[in-house]
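So the chains spell out like this:
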Amino acid sequence: MVMNCDWSKPSTSGFLRPAQNAHTYLRFQDLVRTANKGRVEGGSQLAASWPRPPAYRYDILDLNSQVGNCIPLADIRIGTWVHDIECNPGQGAKLARAAGTFAKIMKEPAPQCLVRLPSGVEKLIDSRCRATIGIVSNPNHGARKLRKAGQSRWLGRRPIVRGVAMNPVDHPHGGGEGRTKGGRPSVSPWGKPTKAGFRAVVGVGKGRN
């Protein structure tokens, strides 16, 4: 069973209750514990003297560490691998969603939790934000090789053509003898500057009579 915790209703007990079918799971635990106790008391002295584990396996089950559980960051242990992390409580998964990616919990539970993202950046996130325990499947997604150019077209990727290789009618960098841009900075096919540091001027032309 996988839990999906409701961030707006934090748990007050020692473990998180599932958002759905919580009463069914708790009743199942009680039934298993009662049946186990009755079997020992009703059995022979030899059965009662057999070595038994310190606790029943359903009692020592750590619900906060099960892969697939979606719970708040405040209830996740340090060093746990998580994915599908929220940036704001209740917003939905925003971080570590690509195939084979995961983030790591780096700091003790606090109002803000320190998480190391797949890029290596450590980010402080609200501890009420939810995350899913585990790693996203298909880790070899980025390592696969395309067999032919047509397979790239099947994925919807169109060819990339340089502007200097086009004609003047197709791109501002096109035309000319040899490799030349026409004496102007790098621009897009529509004439917008593309290099770093360019910022569109906001409000130009407004308020003029």
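See the structure printed just above.
First, a word on scope: everything that follows refers to the structure included in this document. Keep in mind it's a predicted model, so treat the numbers as computed, not measured.

### Points about the overall build of the chain
When you go through the chain residue by residue, the secondary structure sums to 3 helices and 8 strands. Split into buried and exposed, the 209 residues of the chain put 24% on the buried side. Accessible area for the chain stands at about 15,400 Å²; split by element, carbon and sulfur atoms hold 53% of it.

### Observations concerning the pairing of strand β8 (residues 130–133)
Bridge count for strand β1 (residues 70–72) against β8 is 3 bridges, and the pairing is antiparallel. Bridging across to β8, C70 finds its partner in T132. Pairing of strand β2 (residues 81–83) with β8, which is carried by 2 bridges, proceeds in the antiparallel orientation. The partner of H83 across the bridge, within β8, is T132.

### Here's the deal with the nonpolar core
L73, I76, V82, I85, I105, V115 and I125 are the most contacted members of the largest nonpolar core, which totals 17 residues. Looking at this core, the elements with two or more residues in it are β5 (103–105), β6 (112–116) and β8. Discounting residues that sit within four places of it in the chain, V82 has contacts with I76, F102, A103, I105, A131, T132, I133 and G134.

### Topic: the environment of S119
Position of S119 among the secondary structure elements: in the loop between β6 and β7 (122–126). Exposure remark for S119: the relative accessible area of 59% places this residue in the exposed category. Along the sequence, S119 and F102 sit 17 residues apart, while their C-alpha atoms lie 9.9 Å from each other.

### Details of the side chain of S186
If you trace the backbone, S186 turns up in the segment after α3 (149–154). Here S186 falls in the buried class, since its relative accessible area comes to 13%. Contacts of S186, omitting those with residues within four sequence positions, involve H173, K181, K192, P193, T194 and K195.

### Digging into the pattern of salt bridges
Oppositely charged side chains may form a pair once their charged atoms are brought near each other. Tallied over the entire structure, the rule returns 3 salt bridges. In this structure, R128 and D126 form a salt bridge, with 3.0 Å as the shortest nitrogen-oxygen distance. Assessed through its relative accessible area of 22%, D126 is described here as partly exposed.

Definitions and limits used
- Residues numbered from 1 in each chain as written.
- Predicted model: local features only at pLDDT ≥ 70, side-chain atom pairs only at ≥ 80, totals over all residues.
- Heavy atoms only, no water.
- Helix = DSSP H or I, 4+ residues; strand = E, 2+ residues; numbered from the N terminus.
- Buried < 20%, exposed > 50% of the residue type's maximum accessible area, 1.4 Å probe, protein only.
- Areas by Shrake-Rupley, 256 points an atom, 1.4 Å probe, with all protein chains shown as cover.
- Pairing = 2+ DSSP bridges.
- Core = buried A, V, L, I, M, F, W, Y, C linked by side-chain atoms within 4.5 Å.
- Contact = heavy atoms within 4.5 Å.
- Salt bridge = Lys/Arg side-chain N within 4 Å of Asp/Glu carboxyl O.

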